[in-house]
Amino acid sequence: MQDEADSGSPAIQTVQRAAVILSAFTVSRPRLSLNELTASLGTSKATAHRYTKALRESNLLRYDEREALYSLGPQILTLSAAARAGMPVIGVAGPHMQRLVREVDETVVLSVWDGDTAVVVRVDDNTDRVIQVSVRTGSRLSRAGSAQGRVFCAHLPPDEVPGLAEQLAESAELRHEVEKIRVHGISANTPSVNGVRTLAAPIFRGSVLIAAMAIVGTTSSVPEGTDSPLAEALKHAAALVSAELAS
């Protein structure tokens, strides 16, 4: 258990601990108890309480005294809006994603690279399908196991993708897939465990990869392969975003 004897700058330690607390909240777990936050933080309960108190005073956390549960505070919404404003690709891609949803009637997702893996930053899932695949904003995707992650593996410099050189050396399948993505401009992924199929295409600013746009649906609604009408529609939408970012 970490506590006050942790090494490193106290200021850095404080920021790190605050970040751990805030990142413990997810869409599926929007309200947490002090015990749960203490477990995430790995400190004593008294230390966790001190941090939650400071975050409440900054409006980064809210506390429901009746149920003794914490949730993210209103200041998070301001920070979220500022973060989105700092990523022009989200605003530029939005109308194209909405148009693509109407065209293919599937969930459309936008992901960016966070230095370690692909992270979902926008989801448009207002489809008319009875079975709808939902993706959570903020989800961190597998680098080599997701269609979006493989787009980044294919187009980022290898030294910017942790462990990629080793993975490519060990996996002929991954090497082949990366080459296919570079040639065809699209990545297809069908996990065998959940019946979901994902197609992903790169978005560039000039020659620099900055995002991946993906169609996510079921194996019965999204055709296999990289040359289906859905794949072509996705590539077209991603190309339009790239062209707009370059102008």
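What you see is a predicted model; the values in this text were computed from it and never measured.

Core analysis: the largest hydrophobic core is formed by 29 residues, its most contacted members being V89, L100, L110, I203 and M213. Taken together, the elements giving at least two residues each to this core come down to helix 5 (88-104), strand 3 (107-113), strand 6 (196-205), strand 7 (208-218) and helix 9 (229-246). Residues within four places of I203 in sequence aside, it is in contact with V89, L110, V208, L209, I210, A211, M213, A238, V241, S242 and L245. Core analysis: the second largest hydrophobic core is formed by 26 residues, W113, V151, C153 and A200 among them.

Taken together, 5 strands build an open sheet; the order of strands is 4-3-7-6-5 and the sheet is antiparallel. The open sheet has two edge strands, strand 4 (118-124) and strand 5 (187-189), and neither has a second partner. Averaged over neighbouring strand pairs, the angle between their axes works out to 25 degrees when direction is ignored. Bridge analysis of strand 6 against strand 7 gives 10 bridges, and the strand direction is antiparallel. Bridged to R197 within strand 7 is G217.

For an α-helix, the turn length of 3.6 residues means that residues three or four places apart are oriented alike. Among the residues making up helix 2 (residues 34-41), those that are buried are L34, L37, T38 and L41. Seen along its axis, helix 2 keeps its buried residues to an arc of 105 degrees; they face one direction. G42 lies just past helix 2 and shows a positive phi near 75 degrees.

Attention now goes to the environment of Q13. Topologically, Q13 is positioned in helix 1 (residues 10-23). Taking relative accessible area as the criterion, Q13 reaches 11% and is therefore assigned buried. Sequence separation between Q13 and P223 is 210 residues, and the spatial gap between their C-alpha atoms is 48 Å.

Attention shifts here to the pairing of strand 2 (residues 69-72). As paired elements, strand 1 (residues 61-64) and strand 2 share 4 bridges and run antiparallel to each other. Bridged to D64 within strand 2 is L69. The antiparallel hairpin formed by strand 1 and strand 2 contains 4 residues in its connecting segment, where A68 sits at a positive phi of about 55 degrees.

The rules behind these values
- Residues numbered from 1 in each chain as written.
- Predicted model: local features only at pLDDT ≥ 70, side-chain atom pairs only at ≥ 80, totals over all residues.
- Heavy atoms only, no water.
- Core = buried A, V, L, I, M, F, W, Y, C linked by side-chain atoms within 4.5 Å.
- Buried < 20%, exposed > 50% of the residue type's maximum accessible area, 1.4 Å probe, protein only.
- Helix = DSSP H or I, 4+ residues; strand = E, 2+ residues; numbered from the N terminus.
- Contact = heavy atoms within 4.5 Å.
- Pairing = 2+ DSSP bridges.
- Axes fitted to C-alpha atoms, helices over the stretch in contact; angles between N-to-C directions.
- Arc of directions from axis to C-beta.

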